[in-house]
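Structural features, examined
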Amino acid sequence: MATLLRRAARVSFSGSLLSAGSRHGRVHALSYFGSNNRNSSTSSKIKVDLDSSSGIAVVKFQGPPVNSMGVDFLTEMAISLDKLELDKNCRGIILTSAVPKIFSAGLDIMDMYEKTPEHYEQFWRGVQDLWLKLYSSSKIMIAAINGASPAGGCLMALTCDYRILADNPRYKIGLNEAQLGIVAPFWFKDSMVNTVGYRITEESIQFGVMYSPADALKIGLVDQVVPEDKVFSTATETMEKWFDIPDHARQISKSMMRKPTIDRMLANREDDIKNFVGFISKDSIQKSLGMYMAMLKMKKG
Amino acid sequence: MATLLRRAARVSFSGSLLSAGSRHGRVHALSYFGSNNRNSSTSSKIKVDLDSSSGIAVVKFQGPPVNSMGVDFLTEMAISLDKLELDKNCRGIILTSAVPKIFSAGLDIMDMYEKTPEHYEQFWRGVQDLWLKLYSSSKIMIAAINGASPAGGCLMALTCDYRILADNPRYKIGLNEAQLGIVAPFWFKDSMVNTVGYRITEESIQFGVMYSPADALKIGLVDQVVPEDKVFSTATETMEKWFDIPDHARQISKSMMRKPTIDRMLANREDDIKNFVGFISKDSIQKSLGMYMAMLKMKKG
Amino acid sequence: MATLLRRAARVSFSGSLLSAGSRHGRVHALSYFGSNNRNSSTSSKIKVDLDSSSGIAVVKFQGPPVNSMGVDFLTEMAISLDKLELDKNCRGIILTSAVPKIFSAGLDIMDMYEKTPEHYEQFWRGVQDLWLKLYSSSKIMIAAINGASPAGGCLMALTCDYRILADNPRYKIGLNEAQLGIVAPFWFKDSMVNTVGYRITEESIQFGVMYSPADALKIGLVDQVVPEDKVFSTATETMEKWFDIPDHARQISKSMMRKPTIDRMLANREDDIKNFVGFISKDSIQKSLGMYMAMLKMKKG
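So, here is what we can say about the structure in this document. Note on numbering: residues in each chain are counted from 1, in written sequence order. Chains carry letters from A onward and ligands carry numbers from 1 onward, assigned in written order. Reporting of local features is limited, given that this is a predicted model, to residues whose pLDDT is at least 70; pairs of side-chain atoms are given and counted only at 80 or more, and all residues count toward the totals for whole chains, interfaces and linings. Water and hydrogen atoms play no part in the side-chain values, which are based on all heavy atoms of the structure.

Once that is clear, we can look at the interface of chain A and chain C. Pairs of residues are marked as contacts when any of their non-hydrogen atoms sit within 4.5 Å. The interface of chain A with chain C comprises 28 residues on the first partner and 29 residues on the second. Interface area for chain A against chain C, summed over the two sides, is near 2,800 Å², with a carbon-plus-sulfur share of 68%. We define buried area as the total accessible area lost by two parts upon association, computed with a 1.4 Å probe and summed across both. For the chain A face of the interface with chain C, the top three residues by lost area are Arg199, Gln206 and Phe207 of chain A, together amounting to 25%. We count a salt bridge whenever a side-chain nitrogen from Lys or Arg sits within 4 Å of a carboxyl oxygen from Asp or Glu. Counting the contacts that link chain A with chain C gives 2 salt bridges. Residue Arg258 of chain C is joined to Glu202 of chain A by a salt bridge in which the shortest nitrogen-to-oxygen separation is 2.9 Å. A 3.5 Å cut-off defines polar contacts: any pair of N or O atoms within that distance qualifies, except that in protein one atom must be a possible hydrogen donor and the other a possible acceptor, and neighbouring residues in sequence count only when both atoms are side-chain atoms. Between the two partners, chain A and chain C, sit 6 residue pairs in polar contact (both at pLDDT 80 or more). Runs of E in the DSSP output that reach at least two residues are strands. Runs of H or I that reach at least four are helices, and both are numbered from the N terminus. Looking at the side of chain A that touches chain C, the element that brings in the most residues is helix α7 (residues 198-207) of chain A, giving 8 residues. Residue classes in the side of chain A that touches chain C are distributed as 17 nonpolar, 6 polar and 5 charged. Three classes are used, and their members are as follows: Ala, Val, Leu, Ile, Met, Phe, Trp, Tyr, Cys and Pro are nonpolar, Asp, Glu, Lys and Arg are charged, and the others, Gly among them, are polar.

So, in structure tokens, the structure goes:
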């Protein structure tokens, strides 16, 4: 019954959202990736691979050693996500990492240290932009988390519609900013409240808790924990299953859920930038970061 | 200790809420059901049976084949609920089905196909009215879910204070609108968020998930799963237990919890009607529904 | 990695928040408790014991038979919390009871019976004040719940950052106001929603549910259930662990989470007082309370 109407709906929606043809990879004249079914676009930090026959785009972080979210990462992600958003051949996006053992270590500390206020402002606007693009994407977003994901790494996972984490006890996940003496902004917090609820978020961001895969599953921070070599295949299987749902209805439902959170961020965006620039420019914070980086250097040297 | 004060409170509240006498079925002059302890009122789609000695009213859906929520169903429900709300002999209401295997299949597709905008408007206002009456009822509402309850069927269950589902794997429950290419309105969404939280609702309404009894229990979409022949008796036992609580305190507490959700619906009611009429009048949606109904007819023929 | 920055941050924050020295109990010139490492302050209902070497203050309720929250209790608590809030030697507070088998039985019924409207107003303002001080405390607050905690007792626990309950089936916990024919105010409700979510709160405050330790743990009303003789040591161990987090980041995160709830209470504070005074002054409520107290007296006599 549902299947029948689903097929009918898919046809009727095809004009505005996707053509039945394009779903099978036959027609996709305007793909920015070129003319083959399997197209990929590589920049230094991000690799995008869209399979037009399946409708799945894989966005891979490839910025060793830890996929830090610096200005380059943010810019390349923004461009890639904008293109995919407009590409009718793409119905879903899988975020994953090409770097072993790490999904992403989060925001790049280098962009927060000894820079000008203008740099801090530009950097923070880039972080906000990335969140906005990820959180408001009309595509089905799945995080295939194949490594540790603290702070900003966790945030990217939180923006997805589904999170699959590799079953490796070293792959911890969480908004651990407080451990470093910094504070997760309100829209990090909102993303987490929307995922695991108020109470767990309150404890989590106060004490910077990092969760093991087992604990992350238990509190709902991830939806599935699977063996490391099954993370990606589980992501594609989940995606294929959800492609049965007409895009139009799914997109309206997703937007209805997320609009209040996105609107709150947009309404407070400039204040949030000012807060960040003021906080990070403090001597005490800069001193902390400096000592931290000196220690890292000594460790390496 | 609590029991003692409870008895005292019951007496002191009796003037405005219910008389001690009526609780035992001795005095209930104005009952619209007549003068017996056990009174029933039957219309074509709904059967109401109030036992004045217990204070429990049973509202049974009896519109085969699937208890569709069409104009008649909505009208009869509205009248029955209004009467019960005013009836001091009634302290609690059990919603259940007289049709085997189905609680309710939800909104009637016939009221959404090839009708005038005026019809769509009247229909949608009726759906809103039903939700308002159920969700704001001062009575203790228990859903004795003895069959499948997709979409609108699930919504009626969500408005109750407690949900008991029969342990039959075919009795799935969920807001599955997205599977049919349509969208659950914001107040369906709010009712679900209030029951299972934001995250499960987000996944659920995007992908139109239908839950088995075991999964529904796990996520809190229902409060209890019991053998099919115990659904009704569990409902009455739960109700009797809760009758120990003074009505006045319970009603104020219920209202305090639900008022913001009801106010949000009332504030956006007319916009919601416009949205529905505009959406359902679209050629693409009508075509989908038409194809769906043609397929159903072929299947039967 | 995190540990390194943590140490750096601790030093850099020390100017405004706490000195590294004071953390080890060496320097704390302005402590209102005197000049020893272990100082205590006792009034009739509350005993405060601050160990400056650890940074932990223990606030013990010692008002037998049931640690009722009457005017004296509220006043002493307010003074103690104000002092601790300003004391840089104090980084965390443990709330616990010196009375066997009871954490606190909640608001004192004597302050709600046969008093003047002025008394009711002053009393309610005191209850609001206590909640405000507890819920907005910048310290790490841990409830070491070593006895039953109905109503206001539960509320005090709800304001903490972590709740540890003794594993004794008689130590039930919950907002059971409805059982007594009275209503938990909106900020009790908000505190519970923030802890266990909307759905459980709705059922809980409508029907005045008291939870066993096992159930309280299951729904998240407490964070840990431990043997009775381990409650206090678990509280101190948890506190020590969390002292690793820089205070500044933790405090900002806590404030970000709680500010909306606190602001809602402040905005509606005077209306809430009017509501309480009006409700408690009703003849029917006074009669209930009178009967309840007469029964208690007979039981004792």
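Take unusual backbone geometry next. Residue and element names in this part refer to chain A. Between Pro64 and Pro65 the backbone carries a cis peptide bond, its omega angle lying at 10°. Even without being glycine, Lys101 reaches a positive phi, approximately 75°. For Lys101, the position within the fold is in strand β5 (residues 101-102).

Interface size is commonly expressed as the accessible surface area that is lost when the partners come together. Each partner contributes to the interface: chain B provides 28 residues, whereas chain A provides 29 residues. Interface area for chain B against chain A, summed over the two sides, is near 2,800 Å², with a carbon-plus-sulfur share of 68%. Across the contact surface, chain B and chain A share 2 salt bridges. Our count for the contact surface shared by chain B and chain A stands at 6 residue pairs in polar contact (both at pLDDT 80 or more).

On to the relation of the copies chain B and chain A. When the copies are superposed, the least-squares fit takes in the C-alpha atoms of residues with a pLDDT of at least 70 in both. For the pair chain B and chain A, the best superposition has an RMSD of 0.0 Å and corresponds to a rotation of 120° with a translation of 0.0 Å parallel to the axis. In symmetry terms, the pair is related by a three-fold rotation axis. No C-alpha of chain B approaches the rotation axis more nearly than that of Gly197 of chain B, which lies at 4.4 Å.

Turning our eyes to something else, we now look at the sheet that holds strand β9 (residues 173-174) of chain C. Residue and element names in this part refer to chain C. One open sheet holds the 3 strands; their spatial order is β5-β7-β9, and the pairing between them is parallel. Lying at the two open borders of the sheet, with one neighbouring strand each, are β5 (101-102) and β9. Should DSSP find at least two bridges between two strands, the strands are regarded as paired. In the sheet, β5 pairs with strand β7 (residues 147-150) via 2 bridges, with the strands oriented parallel. Paired with Lys101 across the two strands is Gly147, which belongs to β7. Axes, fitted as lines to C-alpha atoms, cover a helix only where it is in contact. Angles between the N-to-C directions of the axes lie from 0 to 180 degrees. Against the sheet, helix α5 (residues 151-158) engages β7 and β9, with an angle of about 95° to β7.

No statement about biological role is implied by the geometric values presented.
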